[in-house]
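Residues per chain, in single letters:
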Amino acid sequence: MAISIENPLCRVPVGMILDDSCPVVNLSHFWIKLRENRSTDDMPVEIPVSFLRRFGEWCAEHGVKGKFSFVPMPGGLGTIDLGLPGFSRAHLQEWIDAAKDIIWPNFDFTPEMITHCKVVDLSDWTMTEEWEQGEWAENPIPAERLSPYIAAALRILRNIDIPAEGVTSPGAFARKDLDAYGAATLWAQKEINGNPTPFFFCEVYHRAEDPLPYPKLYSLDKQKGECCAGIIAGTGDWFAGWEGNNRNAIQSPDLCITEDLKGGRMPQLIAAGCPAIMVSHWPGFYFQGEEIGFNIFKTVVERLNQLPNIIWMKTSEIAHYWIARSMSSISETADGVRISSSVACEKFTLRLPNAQPGEWCLDGRPLCRVAGPLSLESGTWTQDGSDIVLAFDLCPGDATVSRAS
């Protein structure tokens, strides 16, 4: 019996990655001034909490999940755990509290390294002349510098009671050696958050000739139950760009999915059964109050939600599922299968080809039968042609799936 692990609930994971987001501050205003040495007086200094609430509430109403950056020291102004010069503590705290209440239930929070601008000297917290997405993207970073740097970013978020589920690269930060990046992220997450299965976001495969953007796994250790997943976006920023004021960067929702639901990058990925993760930037969503990127995104989501075979997931949930696929050992028994795993995984879905009909159980507890694969939820099973498909929450250790006697 060629047993296979299916996509969760026989659906294709989809998600949304928002980069360059940070409490209060419009990161583009400060990044452009620092990096390009030009005036940004025509750009807003902040992105208001009212927009954050509108975005989060709309996403919750439409089932959207994904990843939302939380730059710990935006533009080098100050660390968000201690305060941002030029912004009142109450104003900063209002933004952080709203993000926790409205965004966090559906999005992972990650640092986008420390400043998303210049590299910080951790000995005195001053900015150096190196850039996180410059020199630290163009050259391999020694582990003795990279690991503590990631840990420092995570610690700032931990200080405001956010145990970030992963980390995000500003630009191509650390892309020269992804194996080392995965090892450094795993070490830092274990050190700061006790998290043995984190993720990082660094790569984008948006062209037709690119490989399918399946998650990559780094530093996998089945015995310890440890692994870092590399999450890969499958689209470009086809909304309104990163600057937040460049009208030439405004794109069409058709690049992600056309009105007839057949064209665009997302249907291509979904048809392949590959996680379909979009990416954009917070300043472009706000677009100086016009909310152009956000409005394009709304159209994309409304189209995607007409597809019957998708499941919105946080990036950490996608990471955990792919880690569990590689961490699980499956063997046949007389009346079913035994699964051994060193990690937990929600919505774990198995296909048993040419299995005998009958009621099915997980560790002796009956699973509920449903009408078909797209009706699956955790704790259920269905017959799909001559196959049996089962979905359940996998726990670390051993589990047995069997027909009821």
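Residues numbered from 1 in each chain as written. Predicted model: local features only at pLDDT ≥ 70, side-chain atom pairs only at ≥ 80, totals over all residues. Heavy atoms only, no water.

Trainee: Just checking my understanding: could you explain the side chain of Asp-20 for this structure?
Mentor: Within the fold, Asp-20 resides in the loop between strand 2 (12–19) and helix 1 (27–36). One buried charge, Asp-20, has no salt-bridge partner; the nearest side chain with opposite charge is Lys-67, at 7.6 Å. Among the polar contacts listed, one links the side chain of Asp-20 to the side chain of His-116, at a separation of 2.8 Å. (Helix = DSSP H or I, 4+ residues; strand = E, 2+ residues; numbered from the N terminus. Buried < 20%, exposed > 50% of the residue type's maximum accessible area, 1.4 Å probe, protein only. Lys, Arg positive; Asp, Glu negative; His and termini not counted. Salt bridge = Lys/Arg side-chain N within 4 Å of Asp/Glu carboxyl O. Polar contact = N/O pair within 3.5 Å; in protein donor to acceptor, adjacent residues only side chain to side chain.)

Trainee: Help me out: how do you make sense of the side chain of His-29 in this one?
Mentor: Looking at where His-29 falls in the secondary structure, it is placed in helix 1. Those residues in contact with His-29, other than ones at most four positions away along the chain, are Thr-40, Met-43, Pro-44 and Val-45. (Contact = heavy atoms within 4.5 Å.)

Trainee: Would you take a moment to explain the sheet that holds strand 7 (residues 166–168) for this structure?
Mentor: Hydrogen bonds between backbone atoms are what pair the strands of a sheet, whose relative direction is either parallel or antiparallel. Strand order in the open sheet formed by 4 strands is 7-8-10-9, and the pairing between neighbours is mixed. Edge positions in the sheet fall to strand 7 and strand 9 (216–221), since each has one partner strand and no second. Neighbour-to-neighbour, the strand axes of this sheet turn through a mean angle of 20 degrees, independent of strand direction. In the packing of helix 6 (residues 178–193) onto the sheet, the strands contacted are strand 7, strand 8 (199–204), strand 9 and strand 10 (226–233), and the crossing angle to strand 8 comes to about 155 degrees. (Pairing = 2+ DSSP bridges. Axes fitted to C-alpha atoms, helices over the stretch in contact; angles between N-to-C directions.)

Trainee: How should I be thinking about unusual backbone geometry in this particular structure?
Mentor: Across residues other than glycine, the phi torsion is negative in most instances, and most of the peptide bonds are trans. Of note, Val-24 is a non-glycine position whose phi angle comes to about 70 degrees, a positive value. With respect to the secondary-structure elements, Val-24 resides in the loop between strand 2 and helix 1. On the accessibility criterion, Val-24 (0% relative accessible area) is buried. With phi around 50 degrees, Asp-363 is a residue other than glycine that occupies positive phi space. By the element assignment, Asp-363 lies in the loop between strand 16 (360–362) and strand 17 (365–366).

Trainee: Sorry, what's going on with helix 1 here?
Mentor: Helical geometry: 3.6 residues make up each α-helical turn, so side chains three or four residues apart lie on a common side. Every buried residue of helix 1 is listed here: Leu-27, Ser-28, His-29, Phe-30, Trp-31 and Ile-32. The inward-facing, buried residues of helix 1 abut strand 6 (126–131) and helix 8 (282–286). Phi turns positive, to about 55 degrees, at Asn-37, one or two residues after helix 1.

Trainee: Would you take a moment to explain helix 5 (residues 143–159) for this structure?
Mentor: Its 17 residues give helix 5 an end-to-end C-alpha distance of 24 Å, which sits within 8% of 24 Å, the value for a rise of 1.5 Å per residue. Leu-146, Ser-147, Tyr-149, Ile-150, Ala-151, Ala-152, Ala-153, Leu-154, Ile-156 and Leu-157 are the residues of helix 5 that are buried. Backbone geometry just after helix 5 places Asp-161 at a positive phi near 65 degrees. (Expected span 1.5 Å × (residues − 1).)

Trainee: What should I look at first to understand the pattern of salt bridges in this one?
Mentor: A side chain with one charge may pair with a side chain of the opposite charge, provided their charged atoms come close. Throughout the structure, instances matching the rule amount to 15 salt bridges. With its nearest N and O atoms 3.6 Å apart, the salt bridge here joins Lys-118 to Glu-129. A residue pair is termed long-range when its members are at least 10 positions apart, and Lys-118 in strand 5 (residues 118–121) and Glu-129 in strand 6 qualify at 11 residues. Within this structure, Glu-6, Arg-351, Asp-384 and Asp-387 form a network of salt bridges that share partners.

Trainee: Help me out: how do you make sense of the packing of aromatic side chains in this one?
Mentor: To describe a pair of aromatic rings, you give the distance between the ring centres and the angle between the ring planes. In the structure shown here, the tally under the stated rule is 32 aromatic pairs. Ring centres 5.2 Å apart and planes at 55 degrees place the aromatic pair Phe-51 and Tyr-286 in the tilted group. Taken together, the residues Phe-51 in helix 2 (residues 49–61) and Tyr-286 in helix 8 connect sequence positions 235 residues apart. Overall, Phe-51 belongs to the buried group, its relative accessible area being 0%. Judged by its relative accessible area of 12%, Tyr-286 falls in the buried class. The positively charged end of Arg-35 is found above the aromatic ring belonging to Trp-131, 4.6 Å away from the centroid. The aromatic ring of Trp-322 is capped on one face by Arg-325, whose charged end is 4.7 Å from the ring centroid. (Phe/Tyr/Trp six-rings, centres within 6.5 Å; stacked < 30°, edge-to-face > 60°. Lys NZ or Arg CZ within 6 Å of the ring centre and 35° of its normal.)

Trainee: Would you mind showing me how to read the sheet that holds strand 16 here?
Mentor: Taken together, the 5 strands give an open sheet; going across it, the order is 13-14-21-16-17, and neighbouring strands pair in antiparallel fashion. The open sheet terminates on both sides in strands that have one partner only, identified here as strand 13 (329–333) and strand 17. Two strands pair when backbone bridges link them, and strand 16 and strand 21 (residues 397–403) are joined in this way by 3 bridges, in the antiparallel orientation. Note on strand 21: the bridge partner recorded for Cys-361 is Ser-402.

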